[in-house]
Amino acid sequence: MWRFSPSLRAVVLLAALLGVAAGIEFSAAEEVPSTTVFDRQATGDLPSSGGLSAPGHRPCLARCRPDTAGVHRRGLRLRPRQAGLASRKKSRVLLAALSSAVPVRAKRHPGHSPAAPGKALQPTLPEPSPLPSDAAAATPVAAPGEISAPSTQAQPPRQPETGSSQTPGSSPSPAPIVSAPLEPKPAPKPKPAPEPEPEPQPEPEPESKPEPEPEPEPGPGPGPEPEPEPEPEPEPEPEPEPEPGPGPEPEPQPEPEPQPEPEPGPGPEPEPEPEPESGPISEPGPSDLTIAIDGGYADWSDAETAERAQLGAAVTRHEWSPAKAVNAQDALVLKAASQVHTRIHALLGGNELGDPDHYREWVVAFIRRYGLGGSFWEGHPELDEARYAMRTFELGNEPYFGGMSAGLYADTVRPALEEVHRLDLPAKMILDSRIYGTDTSWMDTLYARIPSLNSLFYAFADHPYWYGHDPAEVSPAGPFGRIAVLRKRMNEKGASRKPIFITEYGESTANCGGECVSEAVQAEHLGEMIEAAITRTAWKIEMVSLYQLQDRGTDSSERELEFGLLREDGTEKPSYPIVQAALQNYRG
């Protein structure tokens with residue numbers, strides 16, 4: 001190059017000076033100087049990224065490619081200022097070398113530079129197309145020497161204008177070289193077709209990755225882009241697949257299957273449901289069963305007292321007459337507790353009970369005398385009151401064989417029952433019943449005439465005699481059948497928890513024909529009754545009192561004289577040891 005004429009060297013020198021002054025060099029025919037992009041940014045034609053490439057560099061006014069600093073995606077590259085300074089130094093050295101040989105005077109012409117032979121180095125700028133009036137009005141004007149701030153309003157992507165002289169594939173013409181920041185001009189604003197293409201490019205990038213939606217925000221930075229790749233973590237979201245594991249849900253389905261099993265269970269419960277009984281009443285069982293002996297209705301002689309002590313019954317049934325004073329038989333009660341060691345089951349009255357008011361007062365006085373806490377025990381502190389005080393009181397003895405109907409009996413005992421209940425005396429009240437076959441009219445009348453009867457009494461008493469017949473024999477008069485009917489009717493009346501007292505049962509060994517039996521049969525029948533009371537727990541029998549201890553006659557044709565376990569002379573019948581064993585084993 002230095003072989004050329006001095007005029008050519010002057011042209012080269014002038015071009016170098018112009019390049020140093022502007023700090024710009026052309027990278028290719030398709031590239032536009034950075035100052036042109038700078039001006040277009042200042043006028044608002046190009047969008048700004050809002051950041052700087054590096055300290056000391058020109059601001060990157062368009063989205064830059066991550067691999068080449070200062071080169072725009074539209075093919076534009078901005079030269080850093082350090083590069084321009086280095087270029088100036090080199091040019092000065094070159095200028096000094098040239099000027100030492102040939103003095104050259106060059107002028108910077110704003111419009112053009114001298115042409116050189118060979119390659120044309122004339123950067124010609126095409127005439128800028130005028131800016132539309134609307135765009136010019138919207139473009140902010142910056143002061144001289146300043147760069148207008150990027151607009152905060154979102155600029156819509158610019159599309160190539162149909163009236164432009166440039167085609168979409170053509171490259172922009174080089175812009176004029178300027179040595180200093182130009183004032184914002186509303187006119188020249190080239191709009192190449194490729195410009196709108198890069199702007200929508202960042203938009204499809206987040207579209208291609210719909211899963212990491214929050215990641216497009218840091219997307220402009222090249223660093224975070226590889227990070228979304230390890231974000232297949234949302235894939236574990238299909239872990240809700242165990243949710244279809246309602247497999248445990250079928251487990252409750254078998255649960256209802258056992259439920260129908262307890263449903264039939266309530267079937268037996270209807271028995272306690274109709275029970276309007278008051279107070280806790282324990283159901284009798286074999287351990288609660290008491291085998292007792294009848295004690296008559298008169299005082300005991302010394303011989304009889306000894307015989308009774310020998311028998312050893314825990315409970316003895318004895319009858320008192322309401323026509324006598326309450327304390328008329330204190331001596332018998334004293335013998336029972338101190339010599340016989342038995343507790344009295346009190347039978348208050350016989351077939352006739354008398355006036356209801358008198359009977360009520362007499363019954364209350366009797367309980368206060370011989371019951372728990374009674375005055376008799378206060379006068380005899382040496383006796384065991386807890387063991388011998390009377391607890392059960394039977395109102396009348398077979399009143400249906402006397403002159404009392406069921407209605408009269410109910411009206412007579414009702415005042416006594418209500419007064420004992422009102423005073424809360426320590427007494428278990430026993431009512432007489434009469435069953436023959438399936439006839440329960442006696443009991444039904446009591447329930448009809450006495451309100452709240454179940455709250456006033458403790459048990460029903462029955463005398464299932466069938467003279468001369470086996471107690472297990474099936475018949476309307478059969479003892480076992482009558483007891484079963486009594487139990488059933490009590491359950492129907494809401495007294496299923498109340499026990500039954502068999503206060504009399506026996507067989508006569510007199511010579512009276514079909515209503516009397518031999519001593520052996522007597523023992524057999526008594527044994528059957530005791531065994532039934534023990535084994536047939538559904539009957540809920542609490543006491544069986546056998547009638548009676550000793551005969552009052554010998555070889556008599558009168559049935560009532562020979563019901564005893566002992567003959568008139570005091571010798572034992574075959575039934576005696578059977579009953580004695582039961583008395584010892586079942587003491588209540």
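As shown above, the structure is provided for reference.
All values derive from a computational prediction rather than experimental measurement. (Residues numbered from 1 in each chain as written. Predicted model: local features only at pLDDT ≥ 70, side-chain atom pairs only at ≥ 80, totals over all residues. Heavy atoms only, no water.)

**A look at the overall build of the protein**
Each helix and strand in the protein was counted, giving 15 helices and ten strands. Counting the 588 residues in the protein, one finds 39% classified as buried. Partitioning the contacts of the protein with sequence separation of at least 6, the portion at a separation of at least 24 is 71%. Accessible surface, the protein as shown: approximately 31200 Å² in total, 54% of it carbon and sulfur. (Helix = DSSP H or I, 4+ residues; strand = E, 2+ residues; numbered from the N terminus. Buried < 20%, exposed > 50% of the residue type's maximum accessible area, 1.4 Å probe, protein only. Contact = heavy atoms within 4.5 Å. Areas by Shrake-Rupley, 256 points an atom, 1.4 Å probe, with all protein chains shown as cover.)

**Here we look at the state of the cysteines**
Summed over the entire model, instances satisfying the criterion amount to one disulfide. In this model cysteine 512 forms its disulfide with cysteine 516; the gap between the sulfur atoms is 1.4 Å. Between cysteine 512 and cysteine 516 the disulfide shows an S-S torsion of about 105°. By sign, it is right-handed. The exposure class assigned to cysteine 512 is partly exposed, which follows from its relative accessible area of 25%. Among the residues examined, cysteine 516 registers a relative accessible area of 11% and is labelled buried. (Disulfide = S-S within 2.5 Å.)

**Brief notes about the packing of aromatic side chains**
Pairs of aromatic rings are described using the distance from one ring centre to the other and the angle between the two planes. Counting across every chain of the model gives 19 aromatic pairs. Here the aromatic rings of tyrosine 409 and tryptophan 442 are separated by 5.5 Å at their centres, their planes lie at 40°, and the arrangement is tilted. With tyrosine 409 in helix H11 (residues 406-423) and tryptophan 442 in helix H12 (residues 441-449), this pair connects stretches of sequence that are 33 residues apart. Where tyrosine 465 meets phenylalanine 563, the ring centres are 6.3 Å apart and the plane angle is 70°; that geometry is what we call edge-to-face. (Phe/Tyr/Trp six-rings, centres within 6.5 Å; stacked < 30°, edge-to-face > 60°.)

**Thoughts on the pattern of salt bridges**
Following the criterion strictly, the structure yields 18 salt bridges and no others. For the salt bridge of aspartate 330 with arginine 369, the shortest nitrogen-to-oxygen distance reads 2.4 Å. Separated by 39 residues along the polypeptide, aspartate 330 in helix H7 (residues 330-340) and arginine 369 in helix H8 (residues 356-370) bring together distant segments of the chain. A salt bridge links glutamate 419 to arginine 422; the shortest N-O distance between them is 2.6 Å. Of this pair, glutamate 419 and arginine 422 both sit in helix H11, three residues apart, roughly one helical turn. For arginine 422, a relative accessible area of 57% corresponds to the exposed category. (Salt bridge = Lys/Arg side-chain N within 4 Å of Asp/Glu carboxyl O.)

**Some points on the nonpolar core**
Most often, soluble globular proteins have nonpolar side chains that are buried together. Val363, Phe366 and Leu395 are the most contacted members of the largest nonpolar core, which has 80 residues in total. Sequence-distant contacts of valine 363, defined by excluding residues within four places in its chain, comprise Leu348, Leu395, Ala416, Val420 and Met429. Core analysis: the second largest hydrophobic core is formed by nine residues, Val315, Ile430, Ala459 and Ala461 among them. (Core = buried A, V, L, I, M, F, W, Y, C linked by side-chain atoms within 4.5 Å.)

**Points about the sheet that holds strand E7 (residues 428-432)**
Judged by pairing direction, the barrel is parallel, and its eight strands sit side by side in the order E3-E4-E5-E6-E7-E8-E9-E10 before closing back on the first. Adjacent strand axes in the sheet meet at a mean angle of 30°, parallel and antiparallel pairs treated alike. Inspection of the sheet shows strand E5 (residues 343-348) paired to strand E6 (residues 392-395) by three bridges, in the parallel sense. Bridge pairing in E6 places alanine 346 opposite phenylalanine 393. (Pairing = 2+ DSSP bridges. Axes fitted to C-alpha atoms, helices over the stretch in contact; angles between N-to-C directions.)

**Re the packing of H11 against H12**
Here H11 crosses H12 at 45°, and the two axes come no closer than 9 Å. One element, H11, and the other, H12, form an angle in the oblique class. Relative to H12, H11 is oriented so that their crossing is right-handed. Taken together, the residues of H12 that come into contact with H11 (itself represented by Ala406, Gly407, Tyr409, Ala410, Asp411 and Arg414) are Trp442, Thr445, Leu446 and Arg449. (Parallel < 35°, antiparallel > 145°, perpendicular 65-115°, else oblique. Left-handed = near helix turned anticlockwise from the far one by under 90°.)

**Points about the side chain of threonine 305**
Its place among the elements puts threonine 305 in helix H6 (residues 302-311). Overall, the relative accessible area of 3% leaves threonine 305 in the buried class. Within the structure, the side chain of threonine 305 is placed 2.7 Å from the backbone oxygen of serine 301, a separation counted as a polar contact. Once residues within four sequence positions are removed from consideration, threonine 305 is found in contact with Trp300, Lys335, Gln339 and Val340. (Polar contact = N/O pair within 3.5 Å; in protein donor to acceptor, adjacent residues only side chain to side chain.)

**A look at the pairing of strand E10 (residues 541-546)**
Among the six residues that make up E10, six are buried, leaving the element largely enclosed by the rest of the structure. Across four bridges, strand E3 (residues 290-294) lies against E10 in parallel orientation. In the sheet register, isoleucine 291 faces E10, and the bridge partner there is valine 544. Here strand E9 (residues 500-505) pairs with E10 via four bridges, running parallel. In the strand pairing of E10, phenylalanine 501 is matched with methionine 543. Handedness of the β-α-β unit built from E9, helix H14 (residues 519-535) and E10 comes out right-handed. (Right-handed = clockwise from strand over helix to strand, strands pointing away.)

**Side note on the pairing of E9**
Counting buried residues along E9, six of its six residues qualify, which places the element largely inside the surrounding structure. Pairing of strand E8 (residues 459-462) with E9, which is carried by three bridges, proceeds in the parallel orientation. When the sheet's bridge partners are listed, aspartate 462 is paired in E9 with isoleucine 502. Crossover connection from E8 via helix H13 (residues 479-492) to parallel E9: handedness right-handed.

**As for unusual backbone geometry**
The omega angle of the peptide bond from tyrosine 547 to glutamine 548 is -10°, so this bond is cis rather than trans. By secondary structure assignment, the location of glutamine 548 is in the loop between E10 and helix H15 (575-585). We note that histidine 341 has phi near 60°; this positive angle belongs to a residue other than glycine. Mapped onto the elements of the fold, histidine 341 is located in the loop between H7 and E5. Even without being a glycine, serine 452 presents a positive backbone phi close to 50°. Serine 452 sits in the exposed class, given a relative accessible area of 55%.

**Digging into the environment of proline 479**
As for its position among the elements, proline 479 is in helix H13. The exposure class of proline 479 is buried, given its relative accessible area of 0%. Between the alpha carbons of proline 479 and tyrosine 436 there is a distance of 9.2 Å; along the sequence they are 43 residues apart. With near-sequence residues (within four places) excluded, proline 479 lies in contact with Pro464, Trp466, Asp470, Pro471, Tyr505 and Met529.

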